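# A structural walkthrough
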Amino acid sequence: MIKHIEYFDVCYDKNKYKQCKKEKNNEINLIYVNNQRKSYKIKVIKKLTHRIKKLKCNNIILSKEIKNILLEHGIDFIKEKNQIIYRDNIIQIINNVIKMGKSRSKEESLYVLIKSNILIKYQDIINIMNNYKSINIITPNIKNFIKLEQKLEEENELISVSNNRRKSLIKAKYILNVDFTEEDLLEYNVNRKAIIFNISNNKIEHIYGFDGIIVNNIKLEENAEERFDLEDEYEKNKEIIINKIIENKYQLIGKNGFISYKELLKLQANLGT
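About the cut-offs
Residues numbered from 1 in each chain as written. Predicted model: local features only at pLDDT ≥ 70, side-chain atom pairs only at ≥ 80, totals over all residues. Heavy atoms only, no water. Core = buried A, V, L, I, M, F, W, Y, C linked by side-chain atoms within 4.5 Å. Buried < 20%, exposed > 50% of the residue type's maximum accessible area, 1.4 Å probe, protein only. Helix = DSSP H or I, 4+ residues; strand = E, 2+ residues; numbered from the N terminus. Contact = heavy atoms within 4.5 Å. Arc of directions from axis to C-beta. Pairing = 2+ DSSP bridges. Axes fitted to C-alpha atoms, helices over the stretch in contact; angles between N-to-C directions. Phe/Tyr/Trp six-rings, centres within 6.5 Å; stacked < 30°, edge-to-face > 60°. Salt bridge = Lys/Arg side-chain N within 4 Å of Asp/Glu carboxyl O.

To continue, consider the nonpolar core. Formed by 43 residues in total, the largest nonpolar core has its most connected members in Ile135 and Phe197. At seven residues, helix 5 (residues 90-100) tops the list of elements feeding residues into this core. Ignoring any residue separated from it by four or fewer positions in sequence, one finds Phe197 in contact with Tyr86, Ile90, Ile93, Ile94, Val97, Tyr174, Ile175, Leu176, Asn177 and Val215. Of all hydrophobic cores here, the second largest spans 16 residues; its members include Ala172, Leu185, Val190 and Phe210.

Bringing helix 11 (residues 261-270) into the picture now. Those residues of helix 11 lying buried are Leu264, Leu267 and Gln268. Taken around the axis of helix 11, the buried residues stretch over an arc of 105°, which confines them to a single face. For helix 11, the exposed residues lying more than 90 degrees away from the buried face are Lys262, Lys266 and Ala269. Against the buried residues of helix 11 lie helix 5, strand 6 (174-177), strand 7 (195-198), strand 8 (213-215) and strand 10 (250-254).

At Lys102, a position not held by glycine, the phi torsion is positive, near 60°. Checked against the element boundaries, Lys102 lands in the loop between helix 5 and strand 3 (109-113). Positive phi values are uncommon outside glycine, yet Asn248 reaches one of about 65°. Topologically, Asn248 is positioned in the loop between helix 10 (238-246) and strand 10. Taking relative accessible area as the criterion, Asn248 reaches 26% and is therefore assigned partly exposed.

What follows concerns helix 5. Counting buried positions over the 11 residues of helix 5 gives nine, a clear majority of the element. Turning to helix 5, its buried residues number three or more, namely Ile90, Ile91, Ile93, Ile94, Asn95, Asn96, Val97, Ile98 and Met100. Two residues or fewer past helix 5, Lys102 is found with a positive phi of approximately 60°.

The subject of this paragraph is the pairing of strand 7. Two faces belong to every sheet, and in a regular strand the side chains alternate between them. Alternating residues of strand 7 divide into Ile195 and Phe197 and Ile196 and Asn198, and every residue in both groups is buried. In this sheet, strand 7 lies alongside strand 6 in parallel orientation, the contact comprising four bridges. Bridge pairing in strand 7 places Asn177 opposite Asn198. Here strand 7 runs beside strand 8; their pairing, made up of three bridges, is parallel. When the sheet's bridge partners are listed, Phe197 is paired in strand 8 with Val215.

Before going further, it helps to spend a moment on the sheet that holds strand 10. Strand-to-strand pairing in sheets goes through backbone hydrogen bonds, with the strands running parallel or antiparallel. Spatially, the three strands line up as an open sheet ordered 9-10-11, and their pairing is antiparallel. Each end of this open sheet is capped by a strand with a single partner; those strands are strand 9 (217-220) and strand 11 (257-259). Neighbouring strand axes in the sheet, compared pairwise and without regard to direction, differ in orientation by 45° on average. Taken together, the four bridges between strand 9 and strand 10 define a ladder with antiparallel strand orientation.

Here the focus is the sheet that holds strand 4 (residues 134-138). Strands sit in the order 5-4-3-6-7-8 across an open sheet of six strands; the sheet is parallel. Two strands in the sheet have a free side with no partner beyond their single neighbour: strand 5 (159-162) and strand 8. Direction aside, the axes of adjacent strands within the sheet are offset by 20° on average. Across five bridges, strand 3 lies against strand 4 in parallel orientation. Residue pairing for strand 4: Leu113 is matched across the bridge by Ile138. Against the sheet, helix 7 (residues 146-154) touches strand 4 and strand 5, its axis set at about 160° to strand 5.

Turning to the packing of aromatic side chains, a few remarks are in order. A full pass over the atoms with the stated rule returns one aromatic pair. Taking 5.7 Å as the distance between ring centres and 45° as the angle between the ring planes, the aromatic pair formed by Phe180 and Tyr188 counts as tilted. Both residues of the pair, Phe180 and Tyr188, count as buried.

Counted by the stated rule, this structure contains six salt bridges. The salt bridge involving Asp211 is made with Arg192; its shortest N-O contact spans 2.1 Å. You can see Asp211 sitting in the loop between strand 7 and strand 8 and its partner Arg192 sitting in the loop between helix 8 (182-185) and strand 7, a full 19 residues away along the chain. Judged by relative accessible area, which is 46%, Asp211 ranks as partly exposed. According to the relative accessible area criterion, Arg192 is partly exposed, its value standing at 40%. One salt bridge connects Lys249 with Glu247, and the closest N-O pair in it is separated by 3.2 Å. Owing to a relative accessible area of 48%, Glu247 belongs among the partly exposed residues under this scheme.

Pasting the structure below:
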C-alpha cells in the first residue's frame with residue numbers, strides 16, 4: 001500500500017495538473033511529461049532527482065515514461081525498491097547461491113555481521129537457524145547476543161557469538177552483512193574467497209586482499225508487460241516475486257554491476273580452498 005502520494009507537474013499543463021489534483025486519493029501517482037521538447041525532459045530529470053532525495057522511493061509510483069527517461073540517463077529509480085525485495089528474500093537468495101555450488105544450506109554455516117540487535121529480531125535468527133548447519137554471529141557488542149546464545153545452546157542449536165577479528169571470518173564462506181561498514185570489515189581477516197551478501201545501507205566495495213564476491217542487490221527478470229510493475233506494487237505482487245526468486249529468475253548485482261553466473265560458479269568451485 002502506498003503511504004504517500006506525490007503529484008509533480010513537470011510540463012506546466014494546467015489542465016492536466018487540475019486533473020491530477022482531482023485524482024489525489026488514487027493509489028497511482030500520475031506524472032506527466034512533455035514529449036515534444038528535449039529541454040523539458042532534462043528539466044524532468046533535474047527536478048525529479050531532487051524530489052526523489054526528499055521522498056522514500058517505495059512510497060511513490062512514477063509513470064513508465066518517466067522511469068524510462070531516467071534509465072536512459074543512468075538513473076535507476078527502482079534500485080531502492082529492488083533492495084527491499086533483496087532484503088526480504090535474502091535467505092532464499094543465499095540458499096540459491098549455495099545450491100549453485102553443489103551444496104545444501106543445511107551443510108553450510110552462515111556468518112552474520114551485526115552491531116545492533118535492534119536491526120534483527122531474535123526470532124529472525126532462530127528462523128534462519130533452521131536453514132543452516134550453524135550460525136556464527138560476529139559483533140563488537142557481544143553482550144547484546146549472550147542471552148540468545150545461551151537460550152539456543154540449551155536447545156542444542158549450533159550458534160556462536162564472537163568478535164575475534166583475526167580468526168572469526170578466516171574460514172567463512174557465506175557472510176550476511178546486516179550493518180557493518182566497509183571500515184568495520186577492514187578490521188577483520190575475511191576469507192578472501194567468501195561471498196558477502198550485503199543488506200546494509202553501507203557500501204561495501206573495497207576489502208584489502210579480497211577476491212570474493214559482494215552482492216549488494218538483485219534485479220528481477222521481467223517481460224515487457226511486467227517492467228517496473230512488480231517492484232512498484234510489491235505487496236500486491238509479493239507471491240509472483242517470491243516465485244521468481246525461488247525459480248532463480250533474477251540477477252545478482254555487485255559493486256561493478258551484474259554478477260555473471262560464470263563468475264559465481266568459478267568462485268563456488270574454489271570456495272573455501
